[in-house]
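Overview (structure and organization)
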Amino acid sequence: MSSLTLDAEALYRELFRSMQQLMATYDEPPLLVGVASGGAWLAERLHADLKLSGKTGTLSSSMHRDDFAKRGLASSGQTLLPFDVNGAHLVVVDDVLYTGRTIRAVLNELFDYGRPASVKLVVLVDRGGRELPVQPDLAIARVALPAAQSLALERLESGTFSFQVQDA
């Protein structure tokens, strides 16, 4: 097991400060869309803490995964976009960026719903190991983990976040 320790709450506070700065670059606040499930949790909390109006969206990667035959619909929530994405400025929020395959899948899902004006990718942790040309516009932390380990964001009943490093 790795000795990596990440303070998810400290990283969230930095994400919040960075999102305040990002929001200031728009004429109107962009819409937040979280990747199920950890990214959706982050997007919901950011939405509330940034005091944004409307609702957040959730994107599922399950229908566009390149390993769908192996994984099926397991482990991912459903897509819910309570707004029109056509012409909208969106910020896609995810907890951990690794190979880029989940982001590719959620972007395919997103474009099934329309054509946004712009999409930015914001992640709490970038762990490298990219297999596709996907890079975040904002990554709060960058860590290296062996391929045999995974990093999972957990949301406690109190609404606070923690990370778990697990052997695959």
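Up top is the structure these notes are about.
Below is a short write-up of the structure. Quantities reported herein were computed from a predicted structural model and do not represent experimental measurements.

Structural notes on the overall build of the chain
Within the chain, the secondary structure is distributed over four helices and seven strands. If you list the helices and strands of the chain from N to C, you get α-β-α-β-α-β-α-β-β-β-β. Taking the principal axes of the C-alpha coordinates as reference, the chain spans close to 45 × 35 × 30 Å. Within the chain, the proportion of its 168 residues that are buried is 49%. The long-range share in the chain, meaning contacts at least 24 apart out of those at least 6 apart in sequence, stands at 66%. Looking at the chain as shown, the accessible area adds up to about 8,800 Å², and 50% of this sits on carbon and sulfur atoms. Taken together, the 16 basic and 20 acidic charged side chains of the chain have centroids lying 2 Å from each other.

Quick look at unusual backbone geometry
Cis peptide bonds are those with omega within 30 degrees of zero, and the linkage from A36 to S37 qualifies with 0 degrees. The backbone of K51 sits at a positive phi, close to 55 degrees, despite the residue not being glycine. Along the polypeptide, K51 turns up in the loop between α2 (38-49) and β2 (57-59).

Considering the sheet that holds strand β3 (residues 89-97)
Read from one edge to the other, the open sheet built from five strands follows the order β2-β1-β3-β4-β5, with strand pairing classed as parallel. Among the strands making up the open sheet, the edge pair consists of β2 and β5 (138-142). The mean angle between the axes of side-by-side strands here comes to 25 degrees, regardless of whether they run parallel or antiparallel. Both strand β4 (residues 118-126) and β5 contribute to a ladder of four bridges, which runs parallel. Each bridged residue has a counterpart across the sheet, and for V123 the counterpart in β5 is A139. Packing of helix α1 (residues 8-23) onto the sheet brings it into contact with β1 (31-35), β3, β4 and β5, and relative to β4 it is tilted by some 160 degrees.

Some words on the nonpolar core
Membership of the largest hydrophobic core comes to 32 residues, with the highest contact counts inside it found for L15, M19, L46, L124, V125, L151 and F163. Contributions of two or more residues to this core are made by α1, α2, β3, β4, β5, β6 (149-155) and β7 (161-167). For this core, the element with the most residues is α1, which contributes eight residues. With residues near it in sequence (within four places) discarded, M19 still touches L32, L46, L50, V91 and V122.

Focus on the pairing of β1
Most of β1 is tucked away, with four of its five residues classed as buried. As judged from the four bridges shared by β1 and β3, these two strands associate in the parallel manner. Bridged to V33 within β3 is V92. Pairing analysis gives three bridges linking β1 to β2, with the strands arranged parallel. Bridge pairing links G34 to T58 in β2.

Definitions and cut-offs
Residues numbered from 1 in each chain as written. Predicted model: local features only at pLDDT ≥ 70, side-chain atom pairs only at ≥ 80, totals over all residues. Heavy atoms only, no water. Helix = DSSP H or I, 4+ residues; strand = E, 2+ residues; numbered from the N terminus. Buried < 20%, exposed > 50% of the residue type's maximum accessible area, 1.4 Å probe, protein only. Contact = heavy atoms within 4.5 Å. Areas by Shrake-Rupley, 256 points an atom, 1.4 Å probe, with all protein chains shown as cover. Lys, Arg positive; Asp, Glu negative; His and termini not counted. Charge placed at Lys NZ, Arg CZ, Asp CG, Glu CD. Pairing = 2+ DSSP bridges. Axes fitted to C-alpha atoms, helices over the stretch in contact; angles between N-to-C directions. Core = buried A, V, L, I, M, F, W, Y, C linked by side-chain atoms within 4.5 Å.

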